[in-house]
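# Results of the structural survey
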Amino acid sequence: MAALRAVLGCRGVPTPRPPPGQSRGAAAGGLLQRLGRLFYEVEAAAAWGERLRRQRLRSRNAYRGFLRDTYGDNVAAAVFTLSCGGGVRFEGQERWIRPEDRWRPEVLRLRDVPVVALDLSGSPLTYNGLDNLVPLTRLQHLDLSGCPHLDDWALGRLHVFGDSLRELSVARCPRVTERGLATLHHLRELRRLDVTGVRVPSPGLVRILLEEVLPRCQVLGMDLGDGAGTGTPPGREKAPA
């Protein structure tokens, strides 16, 4: 500091001095106080943002009870799916209804037609959001791939589709584990199950168990050579010595 003062003095630049009556220690303490307040303000803003994100997630997954009471289970499930950015297909229809379509008149026109297929891939679907889907009795195809909030508890609710569901995808769902996959044995009519990218300790072993409890179902993903019995998640296999 003495050298810095000397250099500044030689160049004609005045050396910064604390205000009269204030020591250097007091100035440093004031700076620390300002930095502390700034830190807490940033922390509070981050917490507020997280609360807002959770509130929005709850709102998007809210139960559409009014729609169900007014228009029935199929319309309520369709509107919920479309509001999440997904797609809907009704029985006897080959075309999927998507959010970018003028879907409201068509959905209301098909209010008495069962929903047979839902595409909720990559959507913010949660456990609570399934309240809008579980009343469906003719659902055959359900794509939940890439849903970041789908977890084992949510998979446990799919047992209500045991008599109708034939195709299910939970591929690349980061919160799904082998515990959630174990609950799928209730889906007796399932013919195709995609579990690609689901992170489990022993993917080959889990696939064998799935094929055992779902003997008529084609299981996609979790090849037998992917760390079977090693306890190593795929992509983290040890390098050869």
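These numbers come from a predicted model, not from an experiment.

### Notes on empty space enclosed by the protein
- If you walk through the whole model with that rule in mind, you get one cavity of 30 Å³ or more.
- Quantified by volume, the largest cavity comes out at close to 30 Å³.
- As for the largest cavity, its lining consists of Tyr63, Arg64, Arg68, Asp73, Ala76, Asp131, Asn132 and Pro135.
- Class assignment of the residues belonging to the lining of the largest cavity gives a composition of three nonpolar, one polar and four charged.

### Topic: the side chain of Asp194
- Within the element layout of this structure, Asp194 appears in strand β5 (residues 192-194).
- Here Asp194 sits buried without a salt bridge, and the closest side chain of opposite charge, Arg192, lies 4.8 Å off (N-O distance).
- A distance of 2.6 Å separates polar atoms of two side chains, one belonging to Asp194 and the other to Thr196.

### Considering the pairing of strand β2 (residues 115-119)
- By the criterion of burial, β2 is predominantly enclosed, with five of the five residues buried.
- In the sheet, strand β1 (residues 87-90) pairs with β2 via four bridges, with the strands oriented antiparallel. For Gly87, the partnering residue across the bridge sits in β2 and is Asp119.
- Pairing of β2 with strand β3 (residues 141-143), which is carried by three bridges, proceeds in the parallel orientation.

### Remarks on the confidence of the model for the protein
- Mean pLDDT for the protein: 83, with 77% of residues reaching 70 or above.
- Taken as a whole, residues 227-241 scores under 50 in pLDDT and shows 21 contacts with residues more than four places along the chain or in a different chain.

### Brief notes about a nonpolar patch on the surface
- A cluster of nonpolar side chains, contributed by Leu31, Leu32, Leu35 and Leu38, occupies part of the molecular surface with about 390 Å² of accessible area.
- By secondary structure assignment, the location of Leu35 is in helix α2 (residues 24-60).

About the cut-offs
- Numbering of residues begins from 1 in every chain and follows the order in which that chain's sequence is written.
- Per-residue local features of the predicted model are confined to residues with pLDDT of at least 70, and side-chain atom pairs are confined, for both listing and counting, to 80 or more; whole-chain, interface and lining totals are unaffected and use all residues.
- Remark: hydrogens and water are excluded; side-chain values derive from all non-hydrogen atoms of the structure.
- Cavity: a set of points on a 1 Å grid over the protein atoms alone where a 1.4 Å probe fits but cannot get out. Pocket: an open set with protein on both sides within 12 Å along at least five of seven lines, its lining residues, like those of a cavity, having an atom within 4 Å of a point.
- Grid points are joined across faces, edges and corners, and a volume is the space filled by probe spheres set on the points.
- Ten residues, namely Ala, Val, Leu, Ile, Met, Phe, Trp, Tyr, Cys and Pro, are considered nonpolar, four, namely Asp, Glu, Lys and Arg, are considered charged, and the remaining ones, Gly among them, are considered polar.
- Helix and strand labels come from DSSP, where a helix needs a run of H or I of at least four residues and a strand needs a run of E of at least two; each type is numbered from the N terminus.
- Only protein chains enter the accessibility calculation, which uses a 1.4 Å probe; a residue whose area is less than 20% of its type maximum is buried, one above 50% is exposed, and one in between is partly exposed.
- Asp and Glu are treated as the negative residues and Lys and Arg as the positive ones, with His and the ends of the chain left uncounted.
- By salt bridge we mean one thing: a side-chain nitrogen of Lys or Arg within 4 Å of a carboxyl oxygen of Asp or Glu.
- Nitrogen and oxygen atoms within 3.5 Å of one another constitute a polar contact, given that in protein one can donate a hydrogen and the other can accept it, and given that sequence-neighbouring residues count only through two side-chain atoms.
- The pairing criterion for strands is at least two bridges between them, as found by DSSP.
- Values of pLDDT, the confidence the predictor places in each residue, fall between 0 and 100.
- Contacts were defined at the residue level, with two residues in contact if any of their heavy atoms lie within 4.5 Å.
- Only residues whose relative accessible area exceeds 30% and that take part in no salt bridge are eligible for patches, with like-charged residues grouped when within 9 Å of each other and nonpolar side chains (Val, Leu, Ile, Met, Phe, Trp, Tyr) grouped when within 5 Å.
- Per-residue and other accessible areas follow the Shrake-Rupley method at a 1.4 Å probe size, with only the shown protein chains counted as cover for residues.

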